[in-house]
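Geometric and topological summary
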2 protein chains.
Amino acid sequence: MLKFDAEKFIDEGKKGYQLREKIEETATKLYDEGVRNIFFTASGGSNAVMQPFNYWMEIKSDIPSYLITAADFLATGSKKLKKDSLVILLSKSGDTKETVAIAKKMEELGVRTVSFVNKEDTPLQEHSTYTIDTFGYHPQEMAFYFLIGKILQKNQEFSDYERFADELKYLPEDMNLVAEEIDEQARNFAEKYQNADYQIWVGSGDLWGTTYCYSMCVLEESQWLRTKSVSSPEFFHGTFELVEKGVPVVLLKSEGPTRAMDDRVAKFASTYTDEFEEFDMSNFSLPHISKEYRAVVEAPVMWAALRRISLHLEDVRNHSLDKRRYYRVVEY
Amino acid sequence: MLKFDAEKFIDEGKKGYQLREKIEETATKLYDEGVRNIFFTASGGSNAVMQPFNYWMEIKSDIPSYLITAADFLATGSKKLKKDSLVILLSKSGDTKETVAIAKKMEELGVRTVSFVNKEDTPLQEHSTYTIDTFGYHPQEMAFYFLIGKILQKNQEFSDYERFADELKYLPEDMNLVAEEIDEQARNFAEKYQNADYQIWVGSGDLWGTTYCYSMCVLEESQWLRTKSVSSPEFFHGTFELVEKGVPVVLLKSEGPTRAMDDRVAKFASTYTDEFEEFDMSNFSLPHISKEYRAVVEAPVMWAALRRISLHLEDVRNHSLDKRRYYRVVEY
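Rules used throughout
Residues numbered from 1 in each chain as written. Chains lettered and ligands numbered in written order. Predicted model: local features only at pLDDT ≥ 70, side-chain atom pairs only at ≥ 80, totals over all residues. Heavy atoms only, no water. Pairing = 2+ DSSP bridges. Helix = DSSP H or I, 4+ residues; strand = E, 2+ residues; numbered from the N terminus. Axes fitted to C-alpha atoms, helices over the stretch in contact; angles between N-to-C directions. Contact = heavy atoms within 4.5 Å. Buried area = accessible area lost by both parts, 1.4 Å probe. Salt bridge = Lys/Arg side-chain N within 4 Å of Asp/Glu carboxyl O. Polar contact = N/O pair within 3.5 Å; in protein donor to acceptor, adjacent residues only side chain to side chain. Domains from an automatic or database assignment. Nonpolar A, V, L, I, M, F, W, Y, C, P; charged D, E, K, R; others polar. Bend = angle between axes of the 7 residues up to and from the residue. Buried < 20%, exposed > 50% of the residue type's maximum accessible area, 1.4 Å probe, protein only. Phe/Tyr/Trp six-rings, centres within 6.5 Å; stacked < 30°, edge-to-face > 60°.

**Focus: the sheet that holds strand β7 (residues 227-231) of chain B**
Residues and elements named next belong to chain B.
- Strand order in the open sheet formed by four strands is β7-β6-β8-β9, and the pairing between neighbours is parallel. If you trace the sheet from one side to the other, it starts and ends with β7 and β9 (276-280), each paired once. Going across the sheet, the axis of each strand differs from the next one's by a mean of 20 degrees, ignoring polarity.
- In terms of strand pairing, strand β6 (residues 199-203) meets β7 through five bridges, oriented parallel. In the strand pairing of β7, V202 is matched with V230.
- Contacts between helix α12 (residues 259-272) and the sheet are confined to β6, β8 (249-253) and β9, with β8 contributing the most and set at about 155 degrees to the helix.

Quick look at the structure:
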């Protein structure tokens, strides 16, 4: 399979899983000190990675939580930010300007921060109360499951957290299987849509971050392909009027509570365009994940599937995923 | 000026303003009963109308608030929804399916709802605790300023609310002036971009709802033009890689705390595309609005400007703003 190193992924997953105890200790300490509310804040793709966790908290937890772009949070602040707030930051490089600026500001204000980074000794770590270095191990969501899952458990909102967290041990293995299961569809997709002048991407629930990010951070940023992303319920409040023959509509289908909205999109799009494609969570086998947790892990699982599209697009279009016109190339 | 009835707008504005006392009484009653948190919920354009108010509360208030699509709220619920929550609904027609379903559900749960509608005797009114009928008077945001402004004042977060609300009396007049000030630019815009195959729309802060909605609910829904909308800080995390000569980038420039992000977009876009356009709040005169409130009213003010583009697009493209392929035309 193209650029697929199953063993490396499993090995990284194991290392990522080994962080569990340390992260749970951090979560316990934070919770015991008191958590009035949580701000998830980062930029671009990193913000999108945290969307499912904010979503999870919105639905399941009494603790108020907010997902806010780092630049916005810097510019506006929030009256809800208090001494016993918790600010969760994510920056792979550990040097994203706005994210580091927030860590510094929180340090001054005496507000606790937990920063997720992919390497040691970064400016972000220097200014964070706690740093969780995941060394770039995939899936990066693993560490968030431990942190947020444990907080929910402590708050009496996730009684079977331990069982869920135990199953995560095999998530990388199951993600590899998803990659294999989807690869042929991904190849066909890349070949068919490699020159599409425009694509509508639709998703819902905790796959919204993935939908938003895949279209923006992969198709737009790294392949220079035009997209519109819209959530499944919002699709029917404007964007769907653009659908006609020859307009690609791509749906990421959730197994969570918003699935009926995805079904509605599928029904509409398959009627009005001949270029409707869906990637359906329910088609993935995930042998190690219990039925009740499938919807909880769908963001990283769907990402594993979409990663196959990215690699095939790179290949068939002869356009490196790392090629940029502007990002870290020119000053702006 | 094309399809411009200044007197009718002023007259509607007066009637809308007359609702102030009644709305403030409702706000006071709700506040005195206790408001643990606020859920703003609606669909499509109505959700976008409420975005600035959720944004305002996020920044200025201790009261947690959430903006959530009605269909999502129905599907997932929220653990934060309690007896002393307040659910704010908006449906112009008063019969939007998901919005009515939420009102019914809240009725069963004993949670208070305030519904904004544009006509009497709707299903939404039937199931809402309070209904504010604005009879379609523009700007529809007026009623929200009274409700949310008063709640903020009661919560010691908007001490000069009365002065602000007094100034709103002249907002319709100032909006008319904006329409006149922008009309030539709007006509030129419509002529130049009437056949654009794709446009990137960018905005920030409390103009994000306007940016999102104008591109989706007007350009896409009523003119069948392809758009991508993205917030100013997020623009630099993907979408900007698509910018090159011949790609239209349209910026709605705020006077609020996020203006520096808009400036950054303007600087970038004006360098890399020859089709950069901006609509800048600071160019509007707004003689009756104090400097410190200009940023608070920018959503309806910008809408007054954009409305001119809509009317000119309709005219130059000979494509009615009411023409739909699917919405309320076919079953889906």
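Additional details are given in the paragraphs that follow.
**Thoughts on the interface of chain A and chain B**
- Taken together, the 64 residues of chain A in the interface contact 64 residues of chain B.
- Carbon and sulfur atoms supply 53% of the area buried between chain A and chain B, which totals about 5,800 Å² over both sides.
- Broken down residue by residue, the surface that chain A buries against chain B is led by E241(A), Y326(A) and Y332(A), which jointly contribute 14%.
- Note that R226(A) and D197(B) form a salt bridge whose closest N and O atoms lie 3.4 Å from each other.
- Taken together, the connections running from chain A to chain B amount to 38 residue pairs in polar contact (both at pLDDT 80 or more).
- When residues of the side of chain A that touches chain B are traced back to their parent elements, those giving at least two are α3 (44-60), β2 (65-69), α4 (70-76), α10 (208-223), β7 (227-231), α11 (232-235) and α12 (259-272) of chain A.

**What to know about the domain arrangement of chain A**
All names here are of chain A.
- Per the domain assignment, the segments of chain A are domain 1 (6-159) and domain 2 (183-317).
- Centre-to-centre separation of domain 1 and domain 2, based on C-alpha positions: 26 Å.
- Between domain 1 and domain 2, the contact holds eleven residues from the first and 14 residues from the second.
- Between domain 1 and domain 2, the buried area comes to about 950 Å², and carbon and sulfur atoms account for 74% of it.
- It is Q51, Y55 and Y145 that lose the most area in domain 1 upon contact with domain 2, and together they represent 44% of the buried surface on that side.
- Our enumeration of links across domain 1 and domain 2 arrives at zero salt bridges.
- Our count for the domain 1 to domain 2 interface comes out at three residue pairs in polar contact (both at pLDDT 80 or more).
- When contributions to the side of domain 1 that touches domain 2 are tallied by element, the ones reaching two or more residues are α3 and α7 (141-154).
- When its residues are assigned to classes, the side of domain 1 that touches domain 2 shows seven nonpolar, three polar and one charged.

**Regarding helix α10 (residues 208-223) of chain B**
Residues and elements named next belong to chain B.
- At Y214, α10 shows its largest bend, some 30 degrees.
- Extensive coverage of α10 is indicated by the burial of 15 of its 16 residues.
- Directly after α10, the chain includes W224, whose backbone phi takes a positive value near 55 degrees.

**Section: the side chain of T239(A)**
- Within the secondary structure, T239(A) is located in the loop between α11 and β8 (249-253).
- Looking at T239(A), the relative accessible area reads 0%, which means it is buried.
- A distance of 2.6 Å separates the side chain of T239(A) from the side chain of E220(B), its partner in a polar contact.
- Those residues in contact with T239(A) that lie beyond four places of it in its chain are I200(A), K228(A), V230(A), M216(B) and E220(B).

**Remarks on the packing of aromatic side chains**
All names here are of chain A.
- Under the counting rule described, the total for this entry stands at 69 aromatic pairs over all chains.
- Where F189 meets W201, the ring centres are 6.1 Å apart and the plane angle is 75 degrees; that geometry is what we call edge-to-face. Pair noted here: F189 is in helix α9 (residues 171-193) and W201 is in strand β6 (residues 199-203), with a separation of twelve residues, a long-range link. Grouping residues by exposure puts F189 and W201 together as buried.
- Judged by centre distance (5.7 Å) and plane angle (65 degrees), the ring pair of F189 and F279 falls under edge-to-face. Here F189, found in helix α9, pairs with F279, found in strand β9 (residues 276-280); they are 90 residues apart in sequence, far enough to count as distant. In terms of burial, F189 and F279 fall into one category: buried.
- Three or more aromatic residues joined by ring pairs make a cluster, and in this case those are F53, W56, F116, F144, Y145, F158, Y161, F164 and Y293.

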